[in-house]
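Coordinates in review
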Amino acid sequence: MSLHPTRRAVLSGGAALLFWSAIPVTARAAGRDPRFVTVILRGALDGIAAVAPVGDPLYPVVREGHTLPADGPNARLPLDGFFALNGRMPATHALYRRGEVLFVHATHTPYRERSHFSGQDVLENGTTSETHHADGWLGRALRVIPTVDRVRPRSGLAVAASVPLILRGSPEVITWMPPGLPPASDDTRLRLLDLYTHTAPTLADIMEAGLDLEAIAGSETEMLAAFEAAEGAEPVARKLRTVDETALSVGRVLSADDGPRVAVLDLTGFDTHRRQGEVNGLLGNQLALVDRLVDRLHAGLAPVWDDTVITIATEFGRTVRINGSEGTDHGSATVAMLVGGAVAGGRVLADWPGLADEALFERRDLMPTTDLRAVLKGALADHLGIGDALLASRVFPDSAAVRPLAGLLRG
Amino acid sequence: MDAFTAITRFGLGPDAGDLGRAEPDPRGYVLAQLVPPAPVPDPIAALPPLETIARDYLSAAATLRRAIRDARKNPAALAEGGPVETVRRERNVVLRTIMRAEIDGRVGAALSTSRPLVERLVLFFANHFSVSRTNTTIPVLAGNYERSLRPFVLGRFRDLLGAAVLHPAMLSYLDNTASVGPNSPAGRRRGASYNENLARELLELHTLGVDGGYTQDDVIALALVLTGWTGGFDVRMQDPPEAQGLGPPFRRALHEPGPKTILGRTYRGTGAGEIEAVLDDLAVHPATARHVSGKLARHFVGDGVSEATVARLTDVFLATGGDIAAVMTALVSTDEAWTAPPRKVISPYDFVVSAFRGFGQPYNYGALNQGLTALGHPMWRAPAPTGWPDGDTAWISGDTLLERIDWATAFAGRAAPRRPDIAADARALLGAAAGDELMTAIARAEGRTQAMTLLLMSPQWQVR
């Protein structure tokens, strides 16, 4: 593997920041049996609320009223002096302290518009075009994975009702869903309630009765507040059970002697336009689900944890500033995570562009400074042994200019 | 009068092809479906006749009955893994195979039909003459029972009535198989007697209606007329398994002799012919006309349908001797049928089928079954002889609405990833009914699955 030049951090306001230095990557040790899990967070995760740039002096300005608290219950969890992790992710933080979680911030796919559908398509297809639906980067990677050592060829597990775009093109995909009808997300229910309120009052009444809500006469944010207040313990318990079952099953399948070594699953509900509640509300609850998933995957993959890399990514981030409804709108750069025993973690990689207006993308979003494909390439190269040339031509077409990040994983 | 109403209120739900076909002349598109005869959909035509079902099932059932009888002398045979259990499992396999074929046929017909309105009428009359899987016999027969109504849904009510009431499934469901005339040879020999179940429901639910003007004496008289009608679908222990099959539907030895008087008319005790004469009269009774016309009008147009429309349909019913196609033509010809606002929430079965139809999804038995079970609409298992409720919001409560959203999400999880443009789907499926609010919600959805969920759960889809 080649060396990469040291990148300079862009400083904003003088706080110390991170560099990542070149780490020569040795060839994978013979006899490893790597596991690779990708988690897609659908709905555009607000990276700044998940991993907050608390060392940036503009952070409390742009996120006034929405900063992660420094103390009290669910206080933010320190990462490296500049960044802090959302307090609803203690399990992830514990793994970070053990060096098994790596965050990459201000990262983004090449996509620069703001549609969920297209953004997710680009995230999954690994190209620069949202109209490419024939196959996805992980499916193509499985086609070219070397079958040396004990790398199990060629099949992937998708926790989904049908093969997701990211795995299309794989020689073999097994799909699996947790048994029973998983509950629809709160976000979906809320959007329907919104639709019914405006177009079908009878259905709105019935739905409110089902949600134990009082008749909602106020604004949408008031409706959301009532919705949150009515959310009982039972729906939360169901969601946690679904996450647990999913993680357990993925762990079991991937730890088995023969069978897939690659899995894809997703979580929805990150599209926090209103009252995003970074710590105690909607987004905080969502991050708690991510944390639970990380924790349960760690448990389920325990026998093979040292050989495991989990990538967690979302289609894009959200606006740097809060909108008029106490939430955020669609943005650009955001945070991605690598989790696993094979990860050289305990750090946040970021070419931090800063939060001043002139440093933002279109004066509203965090500026992307690291192509997400560089992160994925680095993980695929070092973990699954796929060569640079194949990564640049087959797995991520026409991406020769995007150098794989080296040193993401333990040598 | 619009095309979307034509395919939802009078059809099986949003479908891009049907919407296009209805657009030039929505009323004409609907009326054309009422011209008899209704072609038999291929998935139905492929199903076996009752005689074949009887042979297959009854031979397995007979084998089981014999095994149980033999086990009285040899109790060890009842042990787990023993011969009785093996034979019982074989019978269950036969049962499940038959049922599964019937379900596949019914849903297959809905997915491939060129006459959605005919499918709606079949479902309506199967519910009007409801039969439910309350014992072991009926699961085998329920599918065949429903499709035995098909030839008549665009014909005369009298023929529907006869096909329904005298089918072995109905005779079993409403206990007529155990009803014996006290003065019949069998009655006198065994001291057995009749029950009123089928007779009462025939008058109260199938024909005159609860206020139809019949008395307790009428119920008893009708019950006696019905004695002897057992349907012939039973195991004859004196015959070997391979000789089992459908027997004679009427057994004179159980039939009460003598004349019976119903609603002031006396029917001579001729035996099997008595019920035919009684049904002839009940089928065209004014109370029946009003009862059936009212149910049809409310089923299609909603609980709030006007008295004037019901009266119009009743007149047509009486004038034509109960011609269903004529009654439905009269309904479709009213303005109210087209101008009444959507009020009826579709049933779970209609919803699940409409999802498969709308998105051209291949029929998935697991998803269908999961939906019907979770949403409380298991096939052929209505809780009472009154059938499934048919009110405007009968199918929707707080809980069931949330369950529907869950099912829609699961369906969309399977179907949405392959559909590049859900907004285009919405426009193709709903046409002018799409509306700004829904299109905005679809555009803002967090992903394709949610977008399709919103479309499936939209008022346009759920209410007609």
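Anyway, here's the lowdown on the structure attached to this text. (Residues numbered from 1 in each chain as written. Chains lettered and ligands numbered in written order. Predicted model: local features only at pLDDT ≥ 70, side-chain atom pairs only at ≥ 80, totals over all residues. Heavy atoms only, no water.)

**Remarks on the overall build of chain A**
Inclusion rule: Helix and strand definitions follow DSSP, with helices as H or I runs of at least four residues and strands as E runs of at least two, each counted in order from the N terminus. In this analysis, two residues are considered to be in contact whenever any of their non-hydrogen atoms come within 4.5 Å of each other. The protein chains shown are the only cover counted for residues, whose accessible areas, like all others here, come from Shrake-Rupley with a 1.4 Å probe.
On a plain count of helices and strands, chain A comes out with twelve helices and twelve strands. Put simply, of all contacts in chain A between residues at least 6 apart along the chain, 72% involve residues at least 24 apart. A total accessible area of about 15200 Å² is found for chain A, and carbon and sulfur atoms account for 53% of it.

**Things to note about the overall build of chain B**
Test applied: All radius of gyration figures rest on C-alpha atoms, and the globule criterion is 2.2 Å times the number of residues raised to 0.38. The cut-offs for exposure are 20% and 50% of the maximum accessible area for each residue type, with area from a 1.4 Å probe on protein chains only; residues under the lower value are buried, those over the upper are exposed, and the others partly exposed. Asp and Glu are treated as the negative residues and Lys and Arg as the positive ones, with His and the ends of the chain left uncounted. Just so you know, the charge point we use is NZ for Lys, CZ for Arg, CG for Asp and CD for Glu.
Tallying secondary structure elements over chain B gives 25 helices and two strands in all. A compact globule built from 464 residues would reach a C-alpha radius of gyration of about 23 Å, and chain B, at 24 Å, matches this within 12%. Expressed as a percentage of its 464 residues, the buried residues of chain B come to 57%. Expressed as a percentage of contacts within chain B between residues at least 6 apart in sequence, the contacts between residues at least 24 apart total 72%. Here chain B has roughly 17700 Å² of accessible surface; of this, 53% comes from carbon and sulfur atoms. Here chain B holds 48 positive side-chain charges and 49 negative ones, and the gap between their average locations is 6 Å.

**Brief notes about the packing of aromatic side chains**
Residues and elements named next belong to chain B. Inclusion rule: Two aromatic rings from Phe, Tyr or Trp, using only the six-membered ring of Trp, form a pair when their centres are within 6.5 Å; if the ring planes differ by under 30 degrees the pair is stacked, by over 60 it is edge-to-face, and anything between is tilted.
Tallied over the full model, the rule gives 22 aromatic pairs over all chains. With 5.9 Å between their ring centres and 25° between their planes, Phe10 and Phe300 make a pair best called stacked. Of the two residues, Phe10 sits in the loop between helix H1 (3-8) and helix H2 (16-22) while Phe300 sits in helix H15 (residues 286-301), which places them 290 residues apart along the sequence. Ring centres 4.9 Å apart and planes at 85° place the aromatic pair Phe124 and Phe125 in the edge-to-face group.

**Section: unusual backbone geometry**
For residues besides glycine, phi is generally negative; the peptide bonds are generally trans as well. Residues B:Pro36 and B:Pro37 are joined by a peptide bond in cis, for which omega reads 0°. The phi angle at A:Arg363 is positive, at roughly 55°, despite the residue not being glycine. The topology assignment puts A:Arg363 in the loop between strand S11 (347-350) and strand S12 (370-371).

**Description of the sheet that holds strand S4 (residues 84-85) of chain A**
Residues and elements named next belong to chain A. Just so we agree on the cut-off: The pairing criterion for strands is at least two bridges between them, as found by DSSP.
Taken in spatial order, the three strands make up an open sheet running S2-S4-S3, and their pairing is antiparallel. Two strands bound the open sheet, and with one partner strand each, they are strand S2 (51-52) and strand S3 (77-78). Sheet analysis places S3 next to S4, joined by two bridges and oriented antiparallel. Along S4, the bridge assignment pairs Pro78 with Ala84.

**Considering the side chain of A:Arg261**
Residue and element names in this part refer to chain A. Our working definition: Any N or O atom pair separated by 3.5 Å or less is treated as a polar contact, with the protein-specific requirement of one donor-capable and one acceptor-capable atom, and with residues adjacent in sequence counted only for side-chain atom pairs.
You can see Arg261 is positioned in the loop between helix H9 (233-255) and strand S8 (262-267). Only 3.0 Å separates the side chain of Arg261 from the side chain of Asp33, close enough to count as a polar contact. Of the polar contacts made by the side chain of Arg261, one reaches the backbone oxygen of Ala256; its length is 3.1 Å.

**Let's talk about helix H16 (residues 307-319) of chain B**
Given 3.6 residues per helical turn, the α-helix brings residues three or four places apart onto the same face. Residues and elements named next belong to chain B. Short version of the rule: A helix is expected to span 1.5 Å for every residue after the first.
With 13 residues, H16 ought to run about 18 Å at 1.5 Å a step, and its terminal C-alpha atoms sit 18 Å apart, in line with that. Buried residues along H16 sit in contact with helix H9 (157-165), helix H14 (273-283), H15, helix H17 (324-332) and helix H18 (336-339). Gly321, located one to two residues past H16, shows a positive phi value of around 70°.

**Re the pattern of salt bridges**
For clarity, the cut-off: Criterion for a salt bridge: a side-chain nitrogen of Lys or Arg within 4 Å of a carboxyl oxygen of Asp or Glu.
For the coordinates displayed, the defined rule picks out 41 salt bridges over all chains. B:Arg150 is the partner of B:Glu119 in a salt bridge, and the nearest nitrogen-oxygen pair spans 2.7 Å. With B:Glu119 in helix H7 (residues 116-128) and B:Arg150 in the loop between helix H8 (137-148) and H9, this residue pair connects regions lying 31 residues apart in the sequence. Notably, a salt bridge pairs B:Lys344 with B:Asp390, separated by 3.6 Å at the nearest N-O pair. Residue B:Lys344 is found in the loop between H18 and helix H19 (348-358), and its partner B:Asp390 is found in the loop between helix H20 (365-374) and helix H21 (398-415); the two are separated by 46 residues along the sequence. Here the salt bridges do not stand alone but share partners, grouping A:Arg114, A:Glu362, A:Arg364 and A:Asp365 into one network.

**What to know about the layout of surface pockets**
Residue and element names in this part refer to chain B. This is how the line gets drawn: Grid points spaced at 1 Å over the protein atoms alone were grouped into cavities, where a 1.4 Å probe fits but cannot get out, and pockets, open sets with protein on both sides within 12 Å along at least five of seven lines, with lining residues defined by an atom within 4 Å of a point. Grid points are joined across faces, edges and corners, and a volume is the space filled by probe spheres set on the points. Any residue outside Ala, Val, Leu, Ile, Met, Phe, Trp, Tyr, Cys, Pro, Asp, Glu, Lys and Arg is labelled polar, Gly included; the first ten of those are nonpolar and the last four are charged.
Roughly 760 Å³ of internal volume is contained in the largest pocket. Along its surface, the largest pocket is lined by 40 residues, and Leu123, Asn127, Trp388, Pro389 and Asp390 are the ones closest to its centre. Elements with a minimum of two residues in the lining of the largest pocket: H7, H8, helix H12 (197-206), H15 and H19. Sort the elements by how many residues they give to the lining of the largest pocket and H7 lands first, with six residues. In terms of residue class, the lining of the largest pocket is made up of 18 nonpolar, ten polar and twelve charged.

**Digging into the interface of chain B and chain A**
Selection criterion: Here the quantity called buried area is the accessible surface, traced with a 1.4 Å probe, that two parts lose on coming together, added over both.
Chain B puts 38 residues into the contact, and the matching count from chain A is 38 residues. Between chain B and chain A the total buried area reaches about 2900 Å² when both faces are included, carbon and sulfur atoms providing 66% of it. It is B:Leu402, B:Asp406 and B:Glu446 in chain B that bury the most area against chain A; as a group they hold 22% of the surface buried on that side. For the pair chain B and chain A, the interface holds one salt bridge. Across the salt bridge formed by A:Asp121 and B:Arg448, the nearest N and O atoms sit 2.7 Å from each other. Put simply, the parts of the chain that give the side of chain B that touches chain A at least two residues each are H20, H21, helix H23 (436-443) and helix H24 (448-456) of chain B. Among the elements that line the side of chain B that touches chain A, the one with the most residues is H21(B), at twelve residues. Looking at the side of chain B that touches chain A, its residues break down into 19 nonpolar, ten polar and nine charged.

**A look at empty space enclosed by the protein**
By the definition in use, this model includes ten cavities of 30 Å³ or more. Of the volumes computed, that of the largest cavity is approximately 1000 Å³. Taken together, the residues of the lining of the largest cavity break down into 21 nonpolar, 15 polar and nine charged.

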